[in-house]
Amino acid sequence: GALPAAPPDLPVGIPSELLRRRPDIRKAERELAAATARIGVSTAELFPRFSLTGSFGYQASEGRLMFRDESNFWAIGPTLRWPILNFRRILSQIDVSKAVREEALARYEQSVLLAMEEVENALVTISREKNRSESLAEAVRANDLAVKLAMDRYIAGVQSYLAVTDAQAALYAAEDQLAQSRQAQSQALVALYKALGGGWEETASSPEAEAE
């Protein structure tokens, strides 16, 4: 079957929202968010924790006195938990959490830069091969005309058949290069869809939206 052709108009600028659809970037983003949240959890250990507890029940020396008003009891009071003796350990844990966050941030930035590089490389390859295909298509047409002229001159007895074979060899070489260029263009298009996490959407604004 024929190779898929590249769309005539490729996006000049790639919105950052498209890159966020990539699984690797979404994974790195979630890891960064989790590492940032762990810093808050570690920092919360520095502060005291207050809680209010209570109890209620019945107590009696004899079973017949159970569940009477004079047999019930209750208690309520606050409790305080403050690991003041573990401050050094908590501070160390905060430093560890910050280091993990910085590592996650570096991985996230690396994922974004890699995605942008892949998108840029694919766009450059598509544009380059598109221009090359147009030039090679023109060369194929010129070589095809050269073959016809060489055949006419051979039939007329003006030149030998060797000139015809030379013209045919040049035509076949140009056709082979054109096929390779179209193949590279299709592969770059697939790479672009992959780099964008599933391609892009062409959204045309409606007159109603423009009026708003």
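What you see is a predicted model, and the numbers here were worked out from it, not measured in a lab. Residue numbers run consecutively from 1 along every chain, following the written order of its sequence. This being a predicted model, a pLDDT of at least 70 is required before a residue's local features are given, and a value of 80 or more before pairs of side-chain atoms are given or counted; all residues contribute to the totals for chains, interfaces and linings. Each side-chain value is worked out from all heavy atoms of the structure, with water and hydrogens disregarded.

Engineer: Lay out the environment of Val100 with the relevant residues and their values.
Structural biologist: Looking at where Val100 falls in the secondary structure, it is placed in helix 3 (residues 87-155). Burial classes follow relative accessibility: with a 1.4 Å probe on protein chains only, a residue under 20% of its type's maximum area counts as buried, one over 50% as exposed, and anything between as partly exposed. When its relative accessible area of 33% is taken as the criterion, Val100 is described as partly exposed. For Val100 and Arg38, which are 62 residues apart along the polypeptide, the C-alpha to C-alpha distance reads 9.2 Å. Every residue pair with non-hydrogen atoms within 4.5 Å of one another is taken to be in contact. Excluding residues that lie within four positions of it along the chain, Val100 makes contacts with Ala35 and Arg38. Working definition: helices are DSSP H or I runs of at least four residues, strands are E runs of at least two. Numbering for both runs from the N terminus.

Engineer: Which residues make up the packing of aromatic side chains, and what values do they have?
Structural biologist: Each aromatic ring pair is summarised here by two numbers: the centre-to-centre distance and the angle between the ring planes. Two rings from Phe, Tyr or Trp (for Trp, the six-membered ring) form a pair when their centres sit within 6.5 Å of each other. Planes less than 30 degrees apart are called stacked, planes more than 60 degrees apart edge-to-face, and all others tilted. Per the stated rule, a full pass over the model turns up one aromatic pair. Centroid distance Tyr154 to Tyr161: 5.0 Å. Interplanar angle 70°. Geometry classified as edge-to-face. Taking the relative accessible area as the measure of exposure, Tyr154 reaches 35% and is therefore partly exposed.

Engineer: Before we move on, could you go through the pattern of salt bridges and cite the residues and values that matter?
Structural biologist: When charged atoms on two side chains of opposite charge get close, those side chains can pair. Salt bridge, as used here: a side-chain nitrogen of Lys or Arg that lies within 4 Å of a carboxyl oxygen of Asp or Glu. Scanning all chains against the criterion turns up 10 salt bridges. One salt bridge connects Glu31 with Lys27, and the closest N-O pair in it is separated by 2.7 Å. Pair noted here: Glu31 and Lys27 are both in helix 2 (residues 23-44), with a separation of four residues, about one helical turn. On the basis of relative accessibility, which here comes to 28%, the residue Glu31 falls in the partly exposed class. Across the pair Asp144 and Lys148 runs a salt bridge, and its minimum N-O distance is 3.6 Å. A residue pair is termed a helical-turn pair when its members lie 3 or 4 positions apart in one helix, as Asp144 and Lys148 do in helix 3 at four residues. Overall, Asp144 belongs to the partly exposed group, its relative accessible area being 30%. Connected through salt bridges with shared partners, the residues Lys27, Glu31, Glu103 and Arg107 form a single ionic network.

Engineer: Would you mind going over the side chain of Glu29 in detail, with residue names and values included?
Structural biologist: Here Glu29 lies in helix 2. Ignoring anything within four residues of it in the chain, the contact list for Glu29 reads Arg20 and Tyr108.

Engineer: Outline the packing of helix 2 against helix 3, supporting the account with residue identities and numerical values.
Structural biologist: Whenever a helix is involved, its axis is fitted only over the stretch in contact; in every case the axis is a line through C-alpha atoms, and angles between N-to-C directions fall within 0 to 180 degrees. One way to put it is that helix 2 packs onto helix 3 with a least axis distance of 8 Å and a crossing angle of 165°. Of the possible angle classes, the one that applies to helix 2 and helix 3 is roughly antiparallel. Taken as a pair, helix 2 and helix 3 cross one another with a handedness that is left-handed. Three residue categories are used. Nonpolar comprises Ala, Val, Leu, Ile, Met, Phe, Trp, Tyr, Cys and Pro, charged comprises Asp, Glu, Lys and Arg, and polar comprises the others, including Gly. Across the contact of helix 2 with helix 3, the residue classes tally to 13 nonpolar, six polar and seven charged. With respect to orientation, any angle under 35 degrees is reported as roughly parallel, any angle over 145 as roughly antiparallel, any angle of 65 to 115 as roughly perpendicular, and every other angle as oblique. What makes a crossing left-handed is the near helix being turned counterclockwise from the far one by less than a right angle; a clockwise turn instead makes it right-handed.

Engineer: Quick one: what's the story with the nonpolar core, residue by residue and with numbers?
Structural biologist: Across soluble globular proteins, you tend to see nonpolar side chains buried next to one another. Formed by Leu19, Ile25, Ala115, Val119, Ala122, Leu123, Ile126, Ala188, Leu189, Leu192, Ala195 and Leu196, the largest nonpolar core amounts to 12 residues. If you list the elements that add at least two residues to this core, you get helix 3 and helix 4 (161-195). For the purposes of this section, nonpolar cores are sets of buried Ala, Val, Leu, Ile, Met, Phe, Trp, Tyr and Cys residues that join through side-chain atoms within 4.5 Å. Core analysis: the second largest hydrophobic core is formed by 10 residues, Leu136, Ala137, Val147 and Leu178 among them.

Engineer: Now, about the packing of helix 3 against helix 4: what can you tell me, with residues and values included?
Structural biologist: Taken N-terminus to C-terminus, the directions of helix 3 and helix 4 make an angle of 160°; their axes are 7 Å apart at the nearest point. The pairing of helix 3 with helix 4 is recorded here as roughly antiparallel in orientation. The way helix 3 lies across helix 4 gives a crossing that is left-handed.

Engineer: For helix 4, give the residues involved together with the corresponding values.
Structural biologist: A helix is expected to span 1.5 Å multiplied by its residue count minus one. With 35 residues, helix 4 should reach 51 Å at 1.5 Å per residue; the first-to-last C-alpha distance of 51 Å fits that figure. Residues Val164, Ala167, Leu171, Ala174, Leu178, Ser181, Gln185, Ser186, Ala188, Leu189, Leu192 and Ala195 constitute the buried set of helix 4. Taken from the residues just after helix 4, Gly197 is the one with a positive phi, measuring 70°.

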